[in-house]
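# Architecture and fold: a report
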There are 2 protein chains.
Amino acid sequence: MTLRNLFGKRSSSAVARERLQLILAHERAENGRPDLVITLREEILEVIAKHVSVERDKVKITLDRGEGVSTLGVDIELPLSSAAKLAAEKEKKAA
Amino acid sequence: MTLRNLFGKRSSSAVARERLQLILAHERAENGRPDLVITLREEILEVIAKHVSVERDKVKITLDRGEGVSTLGVDIELPLSSAAKLAAEKEKKAA
């Protein structure tokens with residue numbers, strides 16, 4: 001798997017966006033910890049929120065609890081820093 | 001992308017294994033935070049270590065810092081819980 005595929009192709013409109021994506025997957029042995037992913041979810045989200053300001057409606061969370069594998073996906077659209085905003089506006093004007 | 005592909009196909013030998021995989025990707029806008037992924041790496045690893053005992057030599061970390069996207073991959077093979085060990089041994093004997 002090419003990790004770059006996580007975000008798909010980068011279009012020019014994507015330049016004005018900043019995103020963070022987390023995929024956490026747990027493959028259990030028989031009788032292994034059933035809900036490790038759920039346990040880790042809140043704490044990892046707390047760590048992220050310490051470093052970036054996250055708007056609740058810009059966060060997509062998916063949780064897939066299969067028989068042997070649990071997978072958590074977190075996709076966060078981050079507010080642009082003012083410097084990035086300026087650059088994006090400049091680019092728009094130039095286009 | 002099928003998230004289940006993260007671990008590839010589940011072979012019978014995989015039953016005796018327990019793994020945790022984390023992929024963290026950051027797509028930067030121009031002039032966005034350059035090293036958010038690196039900032040988050042240590043803290044997320046600390047969160048994981050609080051919940052599972054992680055052996056240093058069973059952890060694979062990859063960091064790919066592309067021009068617009070930084071990606072962190074962490075692949076942890078977890079020590080089997082005693083219950084899981086028993087089940088794995090039982091399965092071996094039965095095979």
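Residues numbered from 1 in each chain as written. Chains lettered and ligands numbered in written order. Predicted model: local features only at pLDDT ≥ 70, side-chain atom pairs only at ≥ 80, totals over all residues. Heavy atoms only, no water.

## Details of the overall build of chain A
Heads up, the condition is: Secondary structure elements follow DSSP: runs of H or I of four or more residues count as helices, runs of E of two or more count as strands, with numbering from the N terminus. In this scheme, a residue with accessible area under 20% of its type's maximum is buried, one over 50% is exposed, and one in between is partly exposed, where area comes from a 1.4 Å probe on protein chains only. Any pair of residues with heavy atoms lying within 4.5 Å of one another is described as a contacting pair. Per-residue and other accessible areas follow the Shrake-Rupley method at a 1.4 Å probe size, with only the shown protein chains counted as cover for residues.
What chain A contains, in helices and strands, is two helices and three strands. Tracing chain A from N to C terminus, the helices and strands come up as β-α-β-β-α. Here chain A holds 95 residues, and the buried ones make up 41% of them. Here the analysis covers contacts within chain A between residues at least 6 apart in sequence; of these, 59% occur between residues at least 24 apart. Carbon and sulfur atoms make up 48% of the accessible area of chain A, which amounts to about 5600 Å² in all.

## Some words on the environment of Ile61 of chain A
Residue and element names in this part refer to chain A. Within the secondary structure, Ile61 is located in strand S2 (residues 59-65). Ile61 gets classed as partly exposed once you look at its relative accessible area, which sits at 38%. Each C-alpha atom, one on Ile61 and one on Leu22, is 9.5 Å from the other, the two residues being 39 residues apart in sequence. If we ignore the near neighbours within four places in the chain, the residues touching Ile61 are Arg41, Leu45, Leu72, Gly73 and Val74.

## Observations concerning the pattern of salt bridges
Filter applied, for reference: Should a side-chain nitrogen of Lys or Arg be within 4 Å of a carboxyl oxygen of Asp or Glu, the pair is scored as a salt bridge.
Applying the stated criterion across every chain, the model contains nine salt bridges over all chains. In this structure, Arg41 of chain A and Glu42 of chain A form a salt bridge, with 3.8 Å as the shortest nitrogen-oxygen distance. When its relative accessible area of 46% is taken as the criterion, Glu42 of chain A is described as partly exposed. Lys50 of chain A serves as the salt-bridge partner of Glu43 of chain B, at 3.2 Å between the closest nitrogen and oxygen. Here Glu43 of chain B, found in helix H1 (residues 36-51), pairs with Lys50 of chain A, found in helix H1 (residues 36-51), and the two come from separate chains. Linked by salt bridges that have partners in common, Arg19 and Asp75 of chain A together with Glu27 of chain B make up one network.

## Points about the pairing of strand S3 (residues 69-78) of chain B
Residue and element names in this part refer to chain B. Note the threshold: Strands are treated as partners if at least two bridges between them are detected by DSSP.
Buried residues dominate S3, accounting for nine of its ten residues. Sheet analysis places strand S1 (residues 18-27) next to S3, joined by ten bridges and oriented antiparallel. Bridge pairing in S3 places His26 opposite Ser70. Pairing between strand S2 (residues 59-65) and S3: seven bridges, direction antiparallel. Looking across to S3, one finds that Thr62 is bridged to Gly73. Where S2 hands over to S3, the hairpin turn is made up of three residues, counted between the paired strands.

## Quick word on H1 of chain B
Note the threshold: Helix span, expected: 1.5 Å multiplied by one less than the number of residues in the helix.
In this model H1 of chain B runs 24 Å from its N-terminal to its C-terminal C-alpha over 16 residues, within 8% of the 22 Å that 1.5 Å per residue would give. Against strand S1 (18-27), H1 and strand S3 (69-78) of chain A together with S1, S2 and S3 of chain B lie the buried residues of H1 of chain B.

## Description of the sheet that holds S3 of chain A
Stated formally: Helix axes are fitted to C-alpha atoms over the stretch in contact, other axes to C-alpha atoms as well, and angles between N-to-C directions run from 0 to 180 degrees.
Spatially, S2(A)-S3(A)-S1(A)-S1(B)-S3(B)-S2(B) is the arrangement adopted by the six strands of the open sheet, whose pairing is antiparallel. Each end of this open sheet is capped by a strand with a single partner; those strands are S2 of chain A together with S2 of chain B. The mean inter-strand angle of the sheet, taken between neighbouring strand axes irrespective of direction, is 5°. Of the strand pairs in this sheet, S1 of chain A and S1 of chain B are connected by nine bridges, and their pairing is antiparallel. If you follow Arg19 of chain A over to S1 of chain B, its bridge partner there is Glu27 of chain B. Contacting S1, S2 and S3 of chain A together with S1 and S3 of chain B, H1 of chain A crosses the sheet at an angle of about 155° to S1 of chain A. Relative to the sheet, H1 of chain B contacts S1 and S3 of chain A together with S1, S2 and S3 of chain B, its axis offset from that of S1 of chain B by approximately 155°.

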